[in-house]
Amino acid sequence: MRLGLNLRYLGNLGAGARPRESARYVREAERLGFSVAWTAEVFSSDTVSLLGWLAAQTSRIDLGTAAMQIPARTPAMTAMTAATLDLLSEGRFRLGLGVSGPQVAEGWHGARFEKPLARTREYVDVVRMALQRKTVAYDGEHYRLPLPDGPGKALQLGMRPRRKHVPVYLAAVGPANMRLAGEIADGWLSVFFQPEFRQEFLAELRTGRERKGADLRGFDVVAAVPVATGGNLADCADRVRAFTTHYVGGMGSRQHNFYNRLMARTGFPDEAEQVQKLYLDGKLRAATEAMPQEFLDRTALLGSTDRIADRLRAYAEAGVTTLSAMIFPEHVEQGIATLRTLAEAMDKAGVGD
């Protein structure tokens with residue numbers, strides 16, 4: 001198993017939300033031997049700009065999008081961006097994609113969310129055609145290139161990517177989307193991965209891999225995991241509680257919240273319903289207090305070096321190949337200390353690649 005760092009997006013690291021502090025974390029992660037740093041986007045900072053800036057300040061650590069939003073860009077624009085970032089980073093770029101949710105897709109980007117799986121499949125097809133410098137002519141249900149009733153013509157990417165194959169990852173929460181990730185991607189971007197439910201998670205990926213005559217060998221199972229280190233377990237849990245509550249309670253509507261469904265199907269149906277109800281009713285403090293400690297313990301790395309080392313072994317045994325830390329520092333030095341503690345715990349766990 002390898003370590004990664006998930007910065008999320010600017011404005012979400014407390015005292016470390018500013019660009020220079022994000023760069024400090026990535027440079028420290030590179031020094032500690034982390035394999036990759038990811039950035040994300042919802043409707044705050046975009047994932048691409050920060051990665052380009054980080055590429056200029058690093059030399060070894062891979063840089064990835066976790067995830068670049070499909071409704072925000074045409075597949076051709078994504079291919080151009082991926083080729084550019086791979087060139088700027090000298091072959092260190094990983095392209096993570098996600099459909100987001102209906103609230104962001106339709107409310108922020110003005111793009112229909114209908115048929116997200118079919119749309120994702122076609123999107124990845126076009127991106128890969130473009131990155132391979134094929135002439136892009138595509139006749140899909142959601143993407144038609146060139147348009148059949150206009151003056152456009154089929155085009156080819158006008159630059160040579162540094163690599164012929166830029167690895168593609170899919171952010172997936174639901175079972176069907178996980179099967180799609182196994183089938184068409186090089187890796188899976190997960191959140192709230194629970195080693196206790198590894199069979200359920202990996203079964204979906206294996207089904208997808210079998211569709212293309214492959215298994216999980218060489219497939220990157222990436223778990224984005226909140227990390228809070230220290231001697232006071234309750235304090236560590238409180239540092240990640242609001243983050244988890246926001247996803248389970250507020251990322252979507254009452255009808256469409258993939259994270260809420262994930263919590264429900266992994267043993268907490270009543271708690272997931274209660275957290276969401278309180279959150280959407282505007283009772284944010286009560287929703288946070290209703291988040292069960294057991295779910296936080298299953299989905300985050302909390303506490304001492306030894307305690308975290310034990311959980312790292314569980315993640316490795318569950319089939320996770322990259323564990324990407326999401327840190328919640330109250331100040332920059334605490335963030336740096338968290339990364340160092342995680343690296344120390346990895347050494348103690350003895351599961352590093």
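Each remark here, short or long, concerns the structure printed above.
No experiment lies behind these values; they were computed from the predicted model shown.

Reading guide: rules and limits
Residues numbered from 1 in each chain as written. Predicted model: local features only at pLDDT ≥ 70, side-chain atom pairs only at ≥ 80, totals over all residues. Heavy atoms only, no water. Helix = DSSP H or I, 4+ residues; strand = E, 2+ residues; numbered from the N terminus. Contact = heavy atoms within 4.5 Å. Pairing = 2+ DSSP bridges. Right-handed = clockwise from strand over helix to strand, strands pointing away. Buried < 20%, exposed > 50% of the residue type's maximum accessible area, 1.4 Å probe, protein only. Phe/Tyr/Trp six-rings, centres within 6.5 Å; stacked < 30°, edge-to-face > 60°.

Caption draft 1: Examining the environment of Ser59 more closely. Looking at the element boundaries, Ser59 is found in the loop between helix H2 (47-55) and strand E3 (62-65). For the pair formed by Ser59 and Arg92, sequence separation is 33 residues and the distance between their alpha carbons is 8.7 Å. For Ser59, the residues in contact, after removing those within four places along its chain, are Glu30 and Arg92.

Caption draft 2: Spotlight on the pairing of strand E8 (residues 168-171). Relative to E8, strand E5 (residues 93-98) is paired through three bridges, and the arrangement is parallel. In the strand pairing of E8, Leu95 is matched with Val168. Sheet analysis places E8 next to strand E9 (residues 187-191), joined by three bridges and oriented parallel. Along E9, the bridge assignment pairs Tyr169 with Gly187. In this region the chain leaves E8, passes through helix H6 (residues 175-184) and returns to the parallel neighbour E9; the handedness of that crossover is right-handed.

Caption draft 3: Spotlight on H6. With respect to burial, H6 is a largely interior element, seven of its 10 residues being buried. Among the residues of H6, Asn177, Met178, Leu180, Ala181, Gly182, Glu183 and Ile184 are the ones counted as buried. The inward-facing, buried residues of H6 abut helix H5 (116-131), E8, E9, helix H7 (198-211) and helix H9 (258-265).

Caption draft 4: Region of interest: the packing of aromatic side chains. Taken as a whole, this structure holds 16 aromatic pairs when the rule is applied. Ring geometry for Trp38 against Tyr169: centres 5.3 Å apart, planes inclined by 75 degrees, an arrangement best described as edge-to-face. Within this pair, whereas Trp38 is found in strand E2 (residues 36-39), its partner Tyr169 is found in strand E8, the two being separated by 131 residues in sequence. Look at Phe243 and Tyr247: their rings are 4.8 Å apart centre to centre, the planes differ by 45 degrees, and that puts the pair in the tilted class. Of the two residues, Phe243 and Tyr247 both sit in helix H8 (residues 233-250), four residues apart, roughly one turn of that helix. In this pair, the class of Phe243 matches that of Tyr247, namely buried. Aromatic ring contacts, followed pair by pair, group Phe192, Phe243, Tyr247, Tyr259, Phe268, Phe295 and Phe328 into a single cluster.

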